[in-house]
Amino acid sequence: KAGVTQTPRYLIKTRGQQVTLSCSPISGHRSVSWYQQTPGQGLQFLFEYFSETQRNKGNFPGRFSGRQFSNSRSEMNVSTLELGDSALYLCASSLGQGTWDGELFFGEGSRLTVL
Amino acid sequence: GENVEQHPSTLSVQEGDSAVIKCTYSDSASNYFPWYKQELGKRPQLIIDIRSNVGEKKDQRIAVTLNKTAKHFSLHITETQPEDSAVYFCAAPARNKFYFGSGTKLNVKP
């Protein structure tokens, strides 16, 4: 079974631009969640989608958004990029029958650098 | 994360010794407590988890204990090996969000 795939793996943007990251979950997994990982703040929860609906949301500003498609693939978008958005963005998939009750399978992440 | 406190931030042990990492959580409704291991440059992977209806769970050299009254849970690694060197994260759900601890960098010296 293929693992969680994230694209692109690396990208460089400048302040004010926007970025879209993609995540393909493990086949059969319906829940996709996103996390921001930085050296200073650790792993922070962005949002979680299940069956194309945002089921949970973290404490990030509205510049961070996401969506999930009918095939469970998910995208997250960050608009009006700021220097502080530089981070590794991880997505994770799970069977997701219940909320937060099973193993998260992480992708390798998309490393975003904002100049 | 603000709802999960993890200590220590770094831990250095000699090979063969035990390592203990502790986390506290604030939401008494939390009912699922996983531990993830992240090796340098790699993705986090689940190593063990515990649900609120049990107090302890073991898997070979790894164990997790949960004290619901005190709202804390701990990861115990016995007979540590160099390959245990990594960053370990605890996590817990709270009010429909999922919080990770700030991580513990474990260094096992050969």
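Refer to the structure presented above.
Residues numbered from 1 in each chain as written. Chains lettered and ligands numbered in written order. Predicted model: local features only at pLDDT ≥ 70, side-chain atom pairs only at ≥ 80, totals over all residues. Heavy atoms only, no water.

## Overview of the state of the cysteines
Scanning the entire structure with this criterion turns up two disulfides over all chains. Between the sulfur atoms of Cys23 of chain A and its disulfide partner Cys91 of chain A the distance amounts to 1.8 Å. An S-S torsion of about 65 degrees defines the bridge between Cys23 of chain A and Cys91 of chain A as right-handed. Of this pair, Cys23 of chain A sits in strand 3 (residues 19-24) while Cys91 of chain A sits in strand 9 (residues 87-94); the two residues are 68 residues apart in sequence, bridging distant segments of the chain. Between Cys23 of chain B and Cys90 of chain B runs a disulfide, and the two sulfur atoms are separated by 1.9 Å. The sign of the -95 degrees torsion about the S-S bond sets the Cys23 of chain B-Cys90 of chain B disulfide as left-handed. With a gap of 67 residues between them, Cys23 of chain B in strand 3 (residues 19-25) and Cys90 of chain B in strand 9 (residues 86-94) connect regions that are remote in the sequence. (Disulfide = S-S within 2.5 Å. Helix = DSSP H or I, 4+ residues; strand = E, 2+ residues; numbered from the N terminus.)

## Comments concerning the interface of chain B and chain A
On the side of chain A, 18 residues touch chain B, which itself brings 15 residues to the contact. Across the interface of chain B and chain A, roughly 1600 Å² is buried in total on both sides, 54% from carbon and sulfur atoms. Of all residues in chain B, Arg43, Phe98 and Phe100 of chain B bury the most surface against chain A, accounting for 35% of the area lost on that side. Our enumeration of links across chain B and chain A arrives at one salt bridge. (Contact = heavy atoms within 4.5 Å. Buried area = accessible area lost by both parts, 1.4 Å probe. Salt bridge = Lys/Arg side-chain N within 4 Å of Asp/Glu carboxyl O.)

## Re the packing of aromatic side chains
All names here are of chain A. Under the defined criterion, the tally for this structure stands at 14 aromatic pairs over all chains. Both rings, one in Tyr35 and one in Phe45, keep their centres 5.9 Å apart while their planes meet at 50 degrees; by these two values the pair is tilted. Of this pair, Tyr35 sits in strand 4 (residues 31-38) while Phe45 sits in strand 5 (residues 42-50), and the two are 10 residues apart along the sequence. By relative accessible area, which is 0% here, Tyr35 ends up buried. Overall, the relative accessible area of 6% leaves Phe45 in the buried class. Here the guanidinium or amino end of Arg55 rests over the ring plane of Phe50, the centre of that ring lying 4.3 Å away. (Phe/Tyr/Trp six-rings, centres within 6.5 Å; stacked < 30°, edge-to-face > 60°. Buried < 20%, exposed > 50% of the residue type's maximum accessible area, 1.4 Å probe, protein only. Lys NZ or Arg CZ within 6 Å of the ring centre and 35° of its normal.)

## What to know about the layout of surface pockets
As a volume, the largest pocket reaches approximately 730 Å³. Of all the elements in the fold, those that place two or more residues in the lining of the largest pocket are strand 4 and strand 9 of chain A together with strand 9 and strand 11 (104-109) of chain B. Counting residues per element, the lining of the largest pocket draws most heavily on strand 9 of chain B, at three residues. Size it by volume and the second largest pocket reaches roughly 280 Å³. What lines the second largest pocket is a set of 16 residues, among which Phe106 of chain A together with Arg43, Pro44, Gln45 and Leu46 of chain B lie closest to the centre. Every element with two or more residues in the lining of the second largest pocket is listed here: strand 10 (105-106) of chain A together with strand 4 (32-38) and strand 5 (45-51) of chain B. Along the lines of polarity and charge, the residues of the lining of the second largest pocket split into seven nonpolar, three polar and six charged. (1 Å grid on protein atoms, 1.4 Å probe; cavity = no way out; pocket = protein on both sides within 12 Å on 5 of 7 lines; lining within 4 Å. Points joined across faces, edges and corners; volume = space filled by probe spheres on them. Nonpolar A, V, L, I, M, F, W, Y, C, P; charged D, E, K, R; others polar.)

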